[in-house]
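Each chain, written out:
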Amino acid sequence: MTLSPQRDPMGQAVLDYLQNGQAEAIAVHSTIFDDDEIPVSHLFRTPAEMPPLERAALGYARGRVLDVGAGAGCHALALQTQGLEVVSIDVSPGCVEAMRQRGLRQVHLADFFTDEFGKDYDTIFMLMNGLGICGGLNELPAFFAHLDQLLAPGGSVITDACDLSYIYEDENGFLDLTGVEGYYGEVDYRMSYKTVQGDPFNWLYIDRETLVAAAARHGYSVEVLREDVDSTAYLARITKS
């Protein structure tokens, strides 16, 4: 479901930054974690400012690319500069407007699961823990079914993800999920910016073993392309088996 401008904190922050060159940080709230902030400048980073996994991901894109949850368009702009045809989608009307102002040629206000934005993509780009849009493990069947409709023959998904198991390790390094309901990588969030309050949403952080197993059940394979040396983040390619 796409957002209304009145419930679009990230979009408002991005537009403020685009107009003024600065903006207050986006506040991120969760019942699981302490409150956090997203510096809006981070959403406008250049390839040189991206972490290693993201820079590596840019090199794996080929052909016609769909950038899902494109935000302010930092990845899409880099790919467009590389000469690729890029279609960018986001549920935020503010982000969509910002991407258009920044010169991206094909931008749609669209929900990945419900809206139309073309098909036959050679690469689907889902960075910044892009699989999070699934919200929970129960949405993975719908995700893979949608890939069947969107990917061109031989196409793939390039995504990064993070395993949150380290949060639940005890002092001996063993996983302690006492009191955790459901899958430990399912997190609830809400964002706010100035007076703009976003609606609550669920976000999925999926470990590689769970992703590999889920993909296999739906006829897909997962190849881990890179691992972050300083965290549990990894870069993966998902293709039809």
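That block above? That's the structure.
Remember, predicted model here, so these are calculated numbers, not experimental data.

Draft legend 1. Up close: a negative patch on the surface. Together, Asp34, Asp35, Asp36 and Glu37 make up a region of like negative charge exposed at the surface. Its location among the elements puts Asp36 in strand 2 (residues 36-38).

Draft legend 2. How the structure looks around the nonpolar core. Core analysis: the biggest nonpolar cluster contains 52 residues, and Leu66, Ile124, Phe144, Leu147 and Ile206 have the highest contact counts within it. Tallying contributions element by element places helix 5 (residues 140-150) first for this core, with five residues. Membership of the second largest hydrophobic core comes to 25 residues, among which are Ala57, Ala78, Leu84 and Leu225.

Draft legend 3. Structural context of the pairing of strand 6 (residues 121-126). For strand 6, a buried count of six out of six residues is recorded, marking the element as mostly surrounded by other parts of the structure. Where strand 6 meets strand 7 (residues 151-162), five bridges bridge the pair, whose relative direction is parallel. Across the sheet, Ile124 pairs through a bridge with Val157, a residue of strand 7. With respect to chirality, the unit in which strand 6 leads through helix 5 into the neighbouring parallel strand 7 is right-handed.

Draft legend 4. Broad picture of the packing of helix 1 (residues 9-20) against helix 4 (residues 93-101). One way to put it is that helix 1 packs onto helix 4 with a least axis distance of 7 Å and a crossing angle of 30°. Here helix 1 is positioned roughly parallel relative to helix 4, judged by the angle of their axes. Counted together, Met10, Gly11, Val14, Leu15 and Leu18 of helix 1 and Gly94, Cys95, Glu97, Ala98 and Gln101 of helix 4 form the full contact between these two elements. The class makeup of the residues in the contact of helix 1 with helix 4 is six nonpolar, three polar and one charged.

Draft legend 5. Fine view of helix 3 (residues 74-81). With seven of its eight residues buried, helix 3 lies for the most part within the structure. What helix 3 keeps buried is the set Cys74, His75, Ala76, Leu77, Ala78, Leu79 and Gln80. Contacts made by the buried residues of helix 3 are with helix 2 (52-58), strand 3 (64-68), strand 4 (85-90) and strand 6. Gly83 lies just past helix 3 and shows a positive phi near 95°.

Reading the values: the criteria
Residues numbered from 1 in each chain as written. Predicted model: local features only at pLDDT ≥ 70, side-chain atom pairs only at ≥ 80, totals over all residues. Heavy atoms only, no water. Patch = residues over 30% accessible without salt bridge, like charges linked within 9 Å, V, L, I, M, F, W, Y side chains within 5 Å. Areas by Shrake-Rupley, 256 points an atom, 1.4 Å probe, with all protein chains shown as cover. Salt bridge = Lys/Arg side-chain N within 4 Å of Asp/Glu carboxyl O. Lys, Arg positive; Asp, Glu negative; His and termini not counted. Charge placed at Lys NZ, Arg CZ, Asp CG, Glu CD. Helix = DSSP H or I, 4+ residues; strand = E, 2+ residues; numbered from the N terminus. Core = buried A, V, L, I, M, F, W, Y, C linked by side-chain atoms within 4.5 Å. Buried < 20%, exposed > 50% of the residue type's maximum accessible area, 1.4 Å probe, protein only. Pairing = 2+ DSSP bridges. Right-handed = clockwise from strand over helix to strand, strands pointing away. Axes fitted to C-alpha atoms, helices over the stretch in contact; angles between N-to-C directions. Parallel < 35°, antiparallel > 145°, perpendicular 65-115°, else oblique. Contact = heavy atoms within 4.5 Å. Nonpolar A, V, L, I, M, F, W, Y, C, P; charged D, E, K, R; others polar.

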